[in-house]
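# Architecture at a glance
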Amino acid sequence: MTNRINIMNDEQLLQYSRHIMLDGFDVEGQQRLLDAKVLIVGLGGLGCPIALYLASAGVGELWLADFDDVDLSNLQRQIAHSRTDIGRPKVASAAEAIAAINPDTRIQCINEKLTGQFLTDAVSSVDLVVDASDNFKTRFEINKACVQAQTPLVSGAAIRSEGQVIVFNPQDDNSPCYRCLYDEGAGDENLSCSDNGVLSPLVGIIGSLQALETVKLLSQFGQTLTGKLMIFDAKIMEWRKLAVARNPQCPVCGNSTDS
Ligand SMILES: [Zn+2]
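Just so it is clear, the structure is predicted and the values come from calculations on it, not from any experiment.

Among the nonpolar cores identified, the biggest contains 65 residues, and Val38, Leu39, Ile40, Ala51, Leu62, Leu64 and Val129 are the most heavily contacted of them. Sorting elements by how many residues they give to this core places helix α10 (residues 200-219) first, with 8 residues. Those residues in contact with Leu64 that lie beyond four places of it in its chain are Ile40, Leu43, Ala51, Val91, Ala94, Ala95, Ile107, Gln108, Cys109 and Ile110.

So, on to unusual backbone geometry. For Gln150, which is not a glycine, the phi torsion comes out positive at approximately 60°. Locating Gln150 in the fold gives a position in the loop between α7 (136-149) and β5 (153-159). For Gln150, a count of 11 C-beta atoms within 10 Å corresponds to the exposed category. You will see that Arg160, though not glycine, has its phi angle at about 50°, which is positive.

The next subject is the sheet that holds strand β4 (residues 128-131). Pairing within the open sheet is mixed, and its 8 strands lie in the order β3-β2-β1-β4-β5-β6-β7-β8. Single-partner strands in this sheet number two, and they are β3 (106-110) and β8 (238-243). Pairs of neighbouring strands in the sheet enclose a mean axial angle of 15°, with direction left out of account. Pairing analysis gives 4 bridges linking strand β6 (residues 162-168) to strand β7 (residues 228-233), with the strands arranged antiparallel. Residue pairing for β7: Gln164 is matched across the bridge by Ile231.

Time to look at the packing of helix α4 (residues 47-57) against helix α5 (residues 90-101). At a minimum axis distance of 9 Å, the contact between α4 and α5 shows a crossing angle of 30°. Taken together, the axis directions place α4 and α5 in an arrangement best described as roughly parallel. Crossing handedness for the pair α4 and α5: right-handed. In contact with Cys48, Ala51, Leu52, Ala55 and Ser56 of α4, α5 contributes Ala94, Ala97, Ile98 and Ile101. Per-class residue counts for the contact of α4 with α5 are 8 nonpolar, 1 polar and no charged.

How each quantity is defined
Residues numbered from 1 in each chain as written. Predicted model: local features only at pLDDT ≥ 70, side-chain atom pairs only at ≥ 80, totals over all residues. Core = buried A, V, L, I, M, F, W, Y, C linked by C-beta atoms within 7 Å. Buried ≥ 20, exposed ≤ 12 C-beta atoms within 10 Å, placed from the backbone. Helix = DSSP H or I, 4+ residues; strand = E, 2+ residues; numbered from the N terminus. Contact = placed C-beta atoms within 7 Å. Pairing = 2+ DSSP bridges. Axes fitted to C-alpha atoms, helices over the stretch in contact; angles between N-to-C directions. Parallel < 35°, antiparallel > 145°, perpendicular 65-115°, else oblique. Left-handed = near helix turned anticlockwise from the far one by under 90°. Nonpolar A, V, L, I, M, F, W, Y, C, P; charged D, E, K, R; others polar.

No statement about biological role is implied by the geometric values presented.
Printed below as a string of structure tokens:
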């Protein structure tokens, strides 16, 4: 590369050396991470490993959105929070854990429900959104905002002993959106871990995959899971990968104007 101005200092070159030495990642890939802003919705079982990995990987700015406080029952799986955080806002606890790993990470804490225009504005202000929420209503709303703002969305879910990950990229004409995959009417079932239970390390596996896809998308490294749904059954240790097609009739990303 010629004429490239390296703005990483020596400490950063050392800190991120295991990225930089990767073939195809290089200084450029790391610089893209440092320049990126990512919104993480939900600082629970998925959001905790996502936030910790993205901070340690060097993502420049993290927007943390969660309106919940840390509860004793969270500590079984939400690894950014500790015993002394019980009763504190999850965003405050996660922000502290991130700062301990990487003090250079810029953090925006959103300690309220991210919805409506507030959500739209946040999604338009970042380079990528990671959905680590625990209910269908929020997932559909995040998806709609991402399609409108053309912001890539890394979606993950884990419940009981099953998890899944998929990437939606509105900047890619062939990419489906969350609404292409799921019917809004089918989302009545409450799929939260608090109601159904979840295996502790399962959320770590799924959250780590979401962080991995985020790092790949931002650094432009390798092939991403855009339009490909990974499904993991921890009980029988089985992975499946399904192609998800874009639905031309999708009311959110489709061409139809009658919705
Ligand atoms: Zn769609």
